[in-house]
Every structure is written in C-alpha cells, then in structure tokens.
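# Residue-level structure breakdown
So you can see what is in the structure, the chains are spelled out below.
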Amino acid sequence: MSKAEIQLKGTSSNSEVFAGIVTGQIAGLVMAIVVMLVFILFLNKGPHFPVQVIGSLIIGESALSGFHLSAFLIGLVLHQLGPSLLWGIVYGLLAQKLAINDNRKSVTLGIAVGVISMSGPYVLIPFLMKTIQGTDYWNQQVPIMWDWAAHIIFGASFVLFPIIKNRLFKDN
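Keep in mind that what you see is a predicted model, and the values were worked out from it rather than measured. (Residues numbered from 1 in each chain as written. Predicted model: local features only at pLDDT ≥ 70, side-chain atom pairs only at ≥ 80, totals over all residues. Heavy atoms only, no water.)

### A look at the packing of helix H3 (residues 49-59) against helix H4 (residues 69-98)
One can describe the packing of H3 onto H4 by two numbers: an axis separation of 7 Å at closest approach and a directional angle of 95°. Taken as axis vectors, H3 and H4 run roughly perpendicular relative to one another. Residues Val 51, Gln 52, Ile 54, Gly 55, Leu 57, Ile 58 and Ile 59 of H3 form the contact with H4, whose own contacting residues are Ser 70, Ala 71, Phe 72, Ile 74, Gly 75, Leu 76, Leu 78 and His 79. (Axes fitted to C-alpha atoms, helices over the stretch in contact; angles between N-to-C directions. Helix = DSSP H or I, 4+ residues; strand = E, 2+ residues; numbered from the N terminus. Parallel < 35°, antiparallel > 145°, perpendicular 65-115°, else oblique. Contact = heavy atoms within 4.5 Å.)

### Some points on unusual backbone geometry
Phi at Asn 44 is positive, roughly 55°, even though this residue is not glycine. Judged by its relative accessible area of 71%, Asn 44 falls in the exposed class. Non-glycine residue Ala 99 carries a positive phi angle of around 55°. Turning to its location among the elements, Ala 99 is positioned in the loop between H4 and helix H5 (103-116). (Buried < 20%, exposed > 50% of the residue type's maximum accessible area, 1.4 Å probe, protein only.)

### Quick word on a nonpolar patch on the surface
On the surface, Ile 111, Val 115, Tyr 122, Val 123, Ile 144, Met 145, Trp 148 and Ile 152 cluster together to form a nonpolar patch covering roughly 690 Å² of accessible area. Breaking the nonpolar patch down by element, the ones donating at least two residues are H5, helix H6 (119-132) and helix H8 (144-156). In terms of residue count, H8 provides more of the nonpolar patch than any other element does, four residues in total. The topology assignment puts Ile 152 in helix H8. Of the residues examined, Ile 152 reaches a relative accessible area of 31% and is grouped as partly exposed. (Patch = residues over 30% accessible without salt bridge, like charges linked within 9 Å, V, L, I, M, F, W, Y side chains within 5 Å. Areas by Shrake-Rupley, 256 points an atom, 1.4 Å probe, with all protein chains shown as cover. Salt bridge = Lys/Arg side-chain N within 4 Å of Asp/Glu carboxyl O.)

Now the structure itself:
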C-alpha cells in the first residue's frame, strides 16, 4: 500500500470532506468551462474573459483588455482556491451530516449549495472588488442570469460526489 493510499484511508468524516473538496474543484472547472462557452456563444467575448474578470480583482481594469495571461492565471487560481474550495468543503461537511450517498441526493444538495454560493456575486464579490479596485468589475461584466446558470451548473456537478468518494475511498 502506497503512502497516498494510507493517507486517503480515514474516518468517514474525513472522506466526505476530502471528496467534497475534490468534487468542488472539478465542479469549479466545469463551471468555468461552461461560462467560457457562454461568453463565446452569447456575449461575443473571448473564452478567457470571464476568468480574467476574476483576475481583475488583483490586476485591475487592464485585465479586461484583450487576452491578459496574468489576469487569466490569477483568476483561475482565485476561482479554484476561493469559491470552489470553500463550497467543496461546505458540501463535504453537509454530505457527512446528511448521509449523502447516491446521485439524486448528491445533485439535490449540490444545487442547494450552488444557489447558496450565489451569495458571492451578490455580497462578497462586490465588497472585495469595490474595496480593492474601487469598482465591481464582476457584476459590470457578467450578466446575472448567466451567473445564476453557472452556479446551478456548479451545484449540479456535485452529482459526481458519490463516484469520486467511492474511487478515493474504496474500503470505507
């Protein structure tokens, strides 16, 4: 047995939270890809633009002009290590408490978490953007309807939770 396999074996609560984190990372990437497609197909922007908007929290308005590699990379890191990580942990903790073990329950809880995670665009993002940059680039650039759709897709991606948990923790 490898060291990684030994570390992954743990209590049920550890397995729920860790599987929630992994699923949250995948859900965050699914969400990002879907939003990139929306920006290409419906909003006449480049595929990198929504991630660059996230990066504008650090870079500022220059992140919104053309392709900006630094803004894209910063945006991706902020998205994955911020909301995707946070809501993956929340999901894992709730999955533990609610004994989530099938696809129907997983997607139901996931959509609920996705809806609750919309507190970011309504509360946290405007606060951070206005505090750091003086203006809320996110809500200026991302139509709220598409933001809602993206968060529902993020939540629905938690349908993968039982599969990921079973693959990570076969003996638990």
